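# Fold and geometry: a report
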Amino acid sequence: MPELPEVNALVEFLNQEVTGSVVAAVELASFSVLKTYDPPVAALQGLEVSGVSRHGKFIDFDVSGLHVVVHLAKAGWLRWSDHLAETKLKLGASNIAARVRLDRGDGPTVGFDVTEAGTRKGLAMYVVASPSDVPGIAALGPDPLAPGFELRPLLARRMQVKRLLRDQKILAGVGNAYSDEILHAAKLSPFAIAESLDEDQVVRLEVAVQEVLREAVEEARGKPAEELKDDKRTRMRVHGRTGEACPVCGDTVLEVTYSQSSLQYCPTCQTHGAPLKDRTTSKFLK
């Protein structure tokens, strides 16, 4: 799933490519991807793109006061092209859910395809008058990279710290991968209870959130959109590294599996060497 650093890099790339261009057409290959009907997609045609911004993991295209908002979910992506195919999209013909054609006024039509791999569909697009009209954006917690952000007040909850970091209503933009990386950097068990963290653990977590995310943002910055996902995988220390050696201590990275996801952690760095049993029965909360 694209998370804050990748979405941020994508937004910076798109800002350079689309700002000042005019929407020539928006084509849908999947009607289910569009979650709104008023304003209609046709209202975008002929309008200028004013800029692109990020809200958590949401991408927000400002189109002369209207907003096209995209949430890539788990398997979505945005594929840019300097020479879009002239053929109009056909319904359900591929993994392309939507195509946005843009006119720069100085050459061929450019634009992007919004794609989604796999059979589980979570990709969502909205055309709204304000970003806050999108329920997911309206419910977002604070952005960890925003000026003045404070993590400490968010920890006064009796919930596992892994869950807290991933909950978009508490903290915007962090998902499964970076929560694993943050907890590894903070030397905390993913099952630790947020409100029970001691002062030293809170400080380590505060530092890790900032350092891991800011380093990832800088690493992703300037990379072409098609390289961002692979680049993310190469930078992970524990996430997706089950069975490999921890780069800090050399212990074997272990995994806890859920029905639709998994987490990875280092026992030596995070749980005093003890393996976590499962999400409910582990005794190793610190």
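Here, residues in each chain are numbered from 1, in the same order as that chain's written sequence. The predicted nature of this model means local features are confined to residues of pLDDT at least 70 and side-chain atom pairs, given and counted, to a pLDDT of 80 or more, with totals for whole chains, interfaces and linings taken over all residues. Excluded from the side-chain calculations are hydrogens and water; all other atoms, namely the structure's heavy atoms, are used.

What follows deals with the overall build of the protein chain. A run of H or I in DSSP becomes a helix once it reaches four residues, and a run of E becomes a strand once it reaches two; helices and strands are each numbered from the N terminus. Helix and strand counts for the protein chain come out as seven helices and 10 strands. Radius of gyration: C-alpha atoms only; globule rule: 2.2 Å multiplied by the number of residues to the exponent 0.38. The globule rule puts the C-alpha radius of gyration for 286 residues at 19 Å, and the 20 Å found for the protein chain is close to it. Only protein chains enter the accessibility calculation, which uses a 1.4 Å probe; a residue whose area is less than 20% of its type maximum is buried, one above 50% is exposed, and one in between is partly exposed. Split into buried and exposed, the 286 residues of the protein chain put 51% on the buried side. Neither His nor the chain ends contribute to the count of charged residues, in which Lys and Arg are positive and Asp and Glu negative. All charge positions are set by atom: Lys at NZ, Arg at CZ, Asp at CG, Glu at CD. Across the protein chain, the 34 positively charged side chains and the 38 negatively charged ones have centroids separated by 7 Å.

It is worth spelling out the pattern of salt bridges at this point. Any Lys or Arg side-chain nitrogen found within 4 Å of a carboxyl oxygen on Asp or Glu counts as a salt bridge. Within the structure shown, the criterion is met by 19 salt bridges. Of the charged contacts in the structure, one is a salt bridge between Asp 143 and Arg 54, with a shortest N-O distance of 2.7 Å. Of this pair, Asp 143 sits in the loop between helix 2 (135-138) and helix 3 (161-166) while Arg 54 sits in strand 2 (residues 49-55), and the two are 89 residues apart along the sequence. Residue class for Arg 54 comes out buried when judged on its relative accessible area of 18%. Close ionic contact of Lys 223 with Asp 231 constitutes a salt bridge, the shortest N to O distance being 3.9 Å.

Time to look at the side chain of Arg 101. Position of Arg 101 relative to the elements: it lies in strand 6 (residues 96-103). Within the structure, Arg 101 has its side chain in polar contact with the backbone oxygen of Thr 87 (distance 3.1 Å). In this structure Arg 101 touches Val 22, Val 23, Ala 24, Ala 25, Glu 27, Leu 84, Ala 85, Glu 86, Thr 87, Lys 88, Thr 109 and Val 110, once residues within four positions along its chain are discounted. Here a polar contact means two N or O atoms within 3.5 Å. Within protein one must be a hydrogen donor candidate and the other an acceptor candidate, and residues neighboring in sequence count only if both atoms are side-chain atoms. The contact rule is simple, with two residues in contact once any of their heavy atoms fall within 4.5 Å.

That is the geometry; function is a separate question.
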